[in-house]
Structures are given as C-alpha cells and as structure tokens.
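Results of the structural survey
Read off the chains here:
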Amino acid sequence: SWDLKLAQSDVNIDFPVNLCREVGGIAECWVNGVTWRDLCKDTSLDQGDVCRILRRTVEILRQIPNAWGISPELTDLALRAADKMDRFPVAELDIQTGESKDTS
C-alpha cells in the first residue's frame, strides 16, 4: 500500500489507501481458483463477509477501465481478474434463470 500511496502522491492524487492483507490474500486465492470451501475454512470471516468482500472487489476491478490515466495493460489485467473472480457464489445470479448474470 505504501507504493500505491507514493505513486498517488507523484501525480497529486489524494485518495485514502486502505488495504488489508487478509482481504488481499482472500482475493488472490479466489482469483487463482481456490474452492469456496477451502477459501472459507482458511479465514475467520463469515461466508457472507467473504462473499461481500469479493463482490466489492469485482465491482472495483470492473470500474478501473473508467478511471483517468489507466494504462491498457492495467485495464486488461483488472478485467481478466474480475472475470476470474466472478464465479459462484460471488457472481450475481439471475433470479429468473438461476444462472450468473453477464456483468461485462
């Protein structure tokens, strides 16, 4: 998070950086394909909290392409990560069909 704070400072961006190592580890495991069962057994968080954290992460990743000055490489990386993370039970389900909604 310190590197991010320095990079923001270099371009006069004043936006709080609140990163949590446990949450970052959860997101990293999920994007790398860890099962829901294994993910939840390795944390002290409730399943609903884990799901909410991962859904918010997916939402943020999908917003990165809309940010000013973001490189195409970072945009691509963020969208690929969001796609990999957007799977059951994190993916929003369509109530009518029971299938994951297309969020792209």
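Residues numbered from 1 in each chain as written. Predicted model: local features only at pLDDT ≥ 70, side-chain atom pairs only at ≥ 80, totals over all residues. Heavy atoms only, no water.

The next subject is the environment of C40. Looking at where C40 falls in the secondary structure, it is placed in helix α3 (residues 36-41). A relative accessible area of 11% means that C40 is categorised as buried. Residues C40 and C51 lie 11 residues apart in sequence; the distance between their C-alpha atoms is 9.6 Å. (Helix = DSSP H or I, 4+ residues; strand = E, 2+ residues; numbered from the N terminus. Buried < 20%, exposed > 50% of the residue type's maximum accessible area, 1.4 Å probe, protein only.)

Turning to the packing of helix α2 (residues 21-31) against helix α4 (residues 47-63), a few remarks are in order. Two elements in contact, α2 and α4, have axes whose closest approach is 10 Å; the angle formed by their N-to-C orientations is 75°. Relative to α4, the element α2 is oriented roughly perpendicular. Every residue of α4 that contacts α2 at V23, I26, A27 and W30 is listed here: V50, I53, L54 and T57. Here the residues of the contact of α2 with α4 sort into 7 nonpolar, 1 polar and no charged. (Axes fitted to C-alpha atoms, helices over the stretch in contact; angles between N-to-C directions. Parallel < 35°, antiparallel > 145°, perpendicular 65-115°, else oblique. Contact = heavy atoms within 4.5 Å. Nonpolar A, V, L, I, M, F, W, Y, C, P; charged D, E, K, R; others polar.)

Here R62 shows up in helix α4. Within polar-contact distance, the side chain of R62 engages the side chain of D83 at 3.1 Å. A polar contact of 3.4 Å, which involves the side chain of R62, links it to the side chain of D86. (Polar contact = N/O pair within 3.5 Å; in protein donor to acceptor, adjacent residues only side chain to side chain.)

In contact at an axis separation of 8 Å, α2 and helix α5 (residues 72-85) are set at 80° when each is read in the N-to-C sense. One way to sum up the angle between α2 and α5 is to call them roughly perpendicular. Contact residues: α2 offers A27, W30 and V31, while α5 offers A81, K84 and M85. Taken together, the residues of the contact of α2 with α5 break down into 5 nonpolar, no polar and 1 charged.

Right, let's get into the pattern of salt bridges. All chains considered together, the criterion is met by 5 salt bridges. The partner of D83 in a salt bridge is R62, and the shortest N-O contact between them spans 3.1 Å. Here R62 lies in helix α4 and D83 lies in helix α5, a separation of 21 residues in the sequence. Taking the shortest distance from any N to any O, the salt bridge between D76 and R80 comes out at 3.0 Å. Of this pair, D76 and R80 both sit in helix α5, separated by 4 residues, roughly a single helical turn. Under the relative-accessibility criterion, R80 is labelled partly exposed at 46%. (Salt bridge = Lys/Arg side-chain N within 4 Å of Asp/Glu carboxyl O.)

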